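Listed below, chain by chain, are the residues.
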Amino acid sequence: MSLATKYDSQKAEQKWYDYWMENDFFKSVPDDRESYTIVIPPPNVTGVLHMGHMLNNTIQDVLIRRARLKGYNACWVPGTDHASIATEAKVVKKLKEQGIDKNDLTREEFLEHAWDWTHEYGGIILEQLKKLGASCDWSRTKFTMDDDMSASVIKVFVDLFNKGKIYRGYRMVNWDPQAKTTLSDEEVIYEERNGHLYHLAYDLKDSDDKVIIATTRPETILGDTAICVHPEDERYQNLIGKTVIVPIVNREIPIIADEYVDMEFGTGCLKITPAHDENDYKLGEKHDLEIIDIFNEDGSLNSYGLHYQGKDRFEVRKLIAKELEDKNYLVKKENHIHKVGTSERTKAVIEPRLSDQWFLKMEELAQPAIKAVREDIVELLPAKFKSTYFHWMENVRDWNISRQLMWGQRIPAYYYGDGKEDFVVAESIEDALTLSRKRTNNNNLQEQDLRQDNDVLDTWFSSWLWPISVFNGILEPENKEINYYYPTRDLVTGPDILFFWVARMIVAGYEYKDEKPFDKVYLTGLVRDKQRRKMSKSLGNSPDALKLIEEFGADGVRVGLLLSSAAGNDLMFDESLCQQGKGFVNKMWNAFRLIKGWEIDTKIEQPSYAKQGIQWFQSRFAQVLDEVEDHYSKYRISDVLMSSYKLIWDDFCGWLLEIIKPEYGQPIDALTYKQVIELFENNLRLIHPFTPFISEEIWQSITERKVEDALCINTWPTTVEPDDKLLVDFEMVKDIISGIRTVRKEKQISFKNEISLSVINNEGLSADYNDLIMKMGNVDSIMQVTDQLSGAASYRVKSNEYFIPLSGNIDTAAELEKLEAELKRAQGFLLGVQKKLSNERFIAGAPEKVVELERKKEADALAKIDTINASIEALK
């Protein structure tokens, strides 16, 4: 069979992925085997493949492909998340480009556009994952807005509401003015930013005195309803109970006292704006203060903003600071670093806002999930993330689950009256009507009399059910698939969503299946650039994932990503890693071409050196397989790759193929050929999870295979017990051969010239290895001696001494010149050491270890001089 000189990754990848798909190798249905299930962390439907996805999904594919080879019924469920905020923003932007305002559309019209967008762009990332080699069961692809997935979410909402765990409340929430929706606490990222601290003077009523307050947000004075001081602050005792005039607004507000105030911060006087700060709101409730909301939902000022109405809050901050300065209310302005909450999705600065929202009580629900991780029923890898998990879960707050959007599962609350409590919660409007009639004792109510809540549920409220809902375990709790595939085996994800998603899935698992959702959570690190910066579009330091695959091949990229990606540790990505991966792929291809190029002769016997090489590699493979199994059990995926990589590159290609390779133009015996092919096939089984395309290409090129014999669905390698003595002996044999090669190189003895080798065999190494050493070193004879050989280069392996005669093999004059120069350097070095050791002050003052080190240097130098002198004498 004719093989291409170069491996064509693009051609092979398309060919073999199509082949795997055509033969349903990734498809899983329940049977009598043990299941091994992974659910993909569903990427946003808006997403495209980036380096984080590449790392995460490569690890999942490694685990699932190995499970398939191990004989499990491997099922990897793919899918996407509807990503309410991100997707709605994309649709709004597209509509704007078409001259359409979202606010001019009905809900139904907007959702039609959203579905059109999703159908056009939503599957891009899954198609890209196929380029990486992801062996998902694509027939199981789920979307969090699929009808059955949405029905599951609604059913869970109704159930939790009926259990008293979901409630509607008027609370201070995190408001995203760009997305115009509330966010949960976990979706707010706090960043340190440079700002200013404004010291403002409020006139005391009926007095010439002033009260000075300090604020970072001067625009919010328009919503001030009190000034607060500490009751024990002697500076302000006489002011408590009096009133001040708010600058610009000219509104009278009281001066109140509360221990909440920090006397040391700013001036010790705190302006209270209950509508725009959570702590101010609590003080407002406690002291019965008026609540004045000055902002519109987009962060612009409303009618309470007076002449600033309609302007953005940040523009107003600059304008009002200028006005306060012009009117002598601004006492001073200082530079100030403070933490600012920003939206994880839109990056907009969060605005605290009072709003009616839906909440899920979390404290009780969290308890089984805390216990599961504490007792390693669900194991986090690496374990260092457990402390983060417990910090979140043991201080969990009620989850704000409502969002002011159109894209998502609409909250199933139906209002039959104008009061805040005039609603029912039901899975359908028909059920809602029945409940409403019963609640109001009014059988004349009709469906058109009910209005459904406009809010949708937080996207995470659908994805927290993912391991259950992908198998329809909410709608049909005892169906065959949920009972077979659940709990899933491994979850591979990033630590940034440990609380958002992982913890909540564990909560849902215990609430709805009374069981964990997965056994282990493998937490990957972040992919960073060589300067340790997180990869991002804004920095422009993230390579195009598909271009990497095009340049280095999918296998090369997979190897490059995993060569240095220990669990939980950030990966410093460098394209040279992918080049190394591509080099490894080419090494395997060239090794296969070498083997396939040998002519086979069935009549010749297997040489002893070939037999020894084969036996050694069989033991070495068994040894590495044990290492690999141990690494897999501890989820040290990059260690698995490194062990397999070295086995193939160093042991198989670097040693075994060189040992068995026939002389140029000569055939190889049939037994050796058969055995090396079997060993190569074992290598391919071992490396297949990491390099699925090249391994399948070589596997299928070795011989014609039936469909059921494809590598993708083959078996994991099995081995014999390793021969420990053989492994130890062989390491010595390799060192002997390496010594011969080093002498040849240093003494410039051509590898074409045969040499003789003498040995003082203190180790008692068997002469059975002589043929092997002779072949690999181009040695014509090996002779055991009892004394050192004069006129020879020598080296040691353990306690054995080896001698290679130099007479006739080297340029004596040139070698003498080199040795004499080396002798001069060694004598100079010795002189310096001995000078130091003869210095009494040095001996007396230096630490014992330093003196001992100098004495060792002296002994080494003397030994080296003796060796060089002996070599010189031998050449004369």
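Residues numbered from 1 in each chain as written. Predicted model: local features only at pLDDT ≥ 70, side-chain atom pairs only at ≥ 80, totals over all residues. Heavy atoms only, no water.

1. Description of the overall build of the chain
- If you tally the helices and strands in the chain, you get 27 helices and 31 strands.
- Computed over its C-alpha atoms, the radius of gyration of the chain comes to 38 Å, more than 25% above the 29 Å expected for a compact globule of 876 residues.
- Seen through its principal axes, the chain has C-alpha atoms that stretch 115 × 80 × 50 Å.
- Counting every position in the chain, which comprises 876 residues, the buried fraction comes to 54%.
- Considering only contacts within the chain whose residues lie at least 6 apart along the sequence, 76% involve residues at least 24 apart.
- Counting every atom, the chain has about 41,000 Å² of accessible surface; 46% of that belongs to carbon and sulfur. (Helix = DSSP H or I, 4+ residues; strand = E, 2+ residues; numbered from the N terminus. Rg over C-alpha atoms; globule rule 2.2 N^0.38 Å. Buried < 20%, exposed > 50% of the residue type's maximum accessible area, 1.4 Å probe, protein only. Contact = heavy atoms within 4.5 Å. Areas by Shrake-Rupley, 256 points an atom, 1.4 Å probe, with all protein chains shown as cover.)

2. Here we look at the sheet that holds strand β22 (residues 488-493)
- Ordered in space as β15-β23-β22, the three strands form an open sheet in which the pairing is parallel. A strand with exactly one partner marks an edge of an open sheet, and here the two such strands are β15 (379-381) and β22. Averaged over all pairs of adjacent strands, the angle between their axes in this sheet comes to 15°, without regard to strand direction.
- Note that β22 and strand β23 (residues 518-523) share five bridges and pair parallel. Bridged to V492 within β23 is Y522.
- Contacting β22 and β23, helix α2 (residues 51-69) crosses the sheet at an angle of about 155° to β22. (Pairing = 2+ DSSP bridges. Axes fitted to C-alpha atoms, helices over the stretch in contact; angles between N-to-C directions.)

3. Considering the pairing of strand β30 (residues 792-797)
- Across six bridges, β30 lies against strand β31 (residues 800-805) in antiparallel orientation. Bridge pairing links R796 to E801 in β31.
- What sits between the antiparallel neighbours β30 and β31 is a turn of two residues, in which K798 has the positive phi angle 55°.

4. Structural notes on the pattern of salt bridges
- In total, this model carries 54 salt bridges according to the counting rule given.
- Residue R489 pairs with D519 through a salt bridge whose shortest N-O separation is 3.7 Å. Highlighted residues: R489 in strand β22 and D519 in strand β23, separated in sequence by 30 residues. An identical accessibility class is assigned to R489 and D519; each is buried.
- Residues E678 and K674 are paired through a salt bridge, measuring 2.8 Å at the closest nitrogen-oxygen approach. Here E678 and its partner K674 are both found in helix α21 (residues 670-687), four residues apart, which amounts to about one turn of the helix.
- The exposure class of K674 is partly exposed, given its relative accessible area of 48%. (Salt bridge = Lys/Arg side-chain N within 4 Å of Asp/Glu carboxyl O.)

5. Some details on the environment of M732
- Tracing the chain through its elements places M732 in helix α23 (residues 724-746).
- As a C-alpha pair, M732 and E763 span 31 residues in sequence and 9.8 Å in three-dimensional space.

6. Let's talk about the packing of aromatic side chains
- One pass over the structure, following the stated rule, counts 39 aromatic pairs.
- With a centroid separation of 6.0 Å and an interplanar angle of 50°, the aromatic rings of W589 and F592 are classed as tilted. Taken as a pair, W589 and F592 lie in helix α18 (residues 575-596) at a separation of three residues, close to a single helical turn. Exposure class is identical for W589 and F592. Each is buried.
- On the numbers, 5.1 Å between centres and 40° between planes, the contact of F652 with F680 is tilted. Pair noted here: F652 is in helix α20 (residues 637-660) and F680 is in helix α21, with a separation of 28 residues, a long-range link. (Phe/Tyr/Trp six-rings, centres within 6.5 Å; stacked < 30°, edge-to-face > 60°.)

7. What to know about the sheet that holds strand β6 (residues 181-183)
- With respect to topology, four strands assemble into an open sheet ordered β6-β5-β14-β16, the strand pairing being antiparallel. Edge strands, defined here as strands with exactly one partner in the open sheet, are β6 and β16 (399-400).
- For strand β5 (residues 166-176) and strand β14 (residues 351-360), the ladder comprises ten bridges, and the chain directions are antiparallel. Each residue of the ladder has a partner; that of I166, found in β14, is L360.

8. Observations regarding helix α16 (residues 545-552)
- Residues of α16 that are buried include every one of A545, L548, I549 and F552, and no others. With its buried residues spanning 100° around the axis, α16 presents them on a single face. Facing away from the buried side of α16, by more than 90 degrees, are the exposed residues K547 and E550.
- Lining the buried residues of α16 we find α1 (9-22), α2, α5 (124-132), α17 (554-562) and α18.
- The N-cap of α16, judged by a side-chain oxygen 2.9 Å from the amide nitrogen of L546 a few residues on, is D544. (Arc of directions from axis to C-beta. Polar contact = N/O pair within 3.5 Å; in protein donor to acceptor, adjacent residues only side chain to side chain.)

9. Looking at the side chain of K102
- Examined against the element boundaries, K102 turns out to sit in the loop between α3 (84-97) and α4 (107-121).
- The buried category is assigned to K102, whose relative accessible area is 19%.
- Side chain to side chain, K102 and E88 meet in a polar contact 2.5 Å long.
- For K102, the residues in contact, after removing those within four places along its chain, are E88, V92, F110 and M406.

10. Observations regarding the side chain of T488
- Within the element layout of this structure, T488 appears in strand β22.
- At 2.8 Å, the side chain of T488 forms a polar contact with the backbone oxygen of P517.
- In contact with T488, other than residues within four places in its own chain, are T37, V39, P467, F471, P517, F518 and D519.

11. Side note on the state of the cysteines
- Enumeration over the complete set of coordinates arrives at zero disulfides.
- C228 carries a free sulfur, and the closest cysteine sulfur to it, the one in C269, is 9.2 Å from it.
- Classification of C228 by relative accessible area gives buried; the value is 0%. (Disulfide = S-S within 2.5 Å.)

12. Digging into the packing of helix α9 (residues 363-374) against helix α10 (residues 386-394)
- Between α9 and α10, the shortest axis-to-axis distance is 10 Å and the interhelical angle comes to 165°. In terms of orientation, α9 lies roughly antiparallel with respect to α10. Judged by the sense of rotation from one axis to the other, the crossing of α9 with α10 is left-handed. Between α9, through A366, A369, I370, V373 and R374, and α10, the contact on the second element is made entirely by K386, Y389, F390, M393 and E394.
- Classifying every residue of the contact of α9 with α10 gives seven nonpolar, no polar and three charged. (Parallel < 35°, antiparallel > 145°, perpendicular 65-115°, else oblique. Left-handed = near helix turned anticlockwise from the far one by under 90°. Nonpolar A, V, L, I, M, F, W, Y, C, P; charged D, E, K, R; others polar.)

Don't take any of this as a statement about function, it's just geometry.
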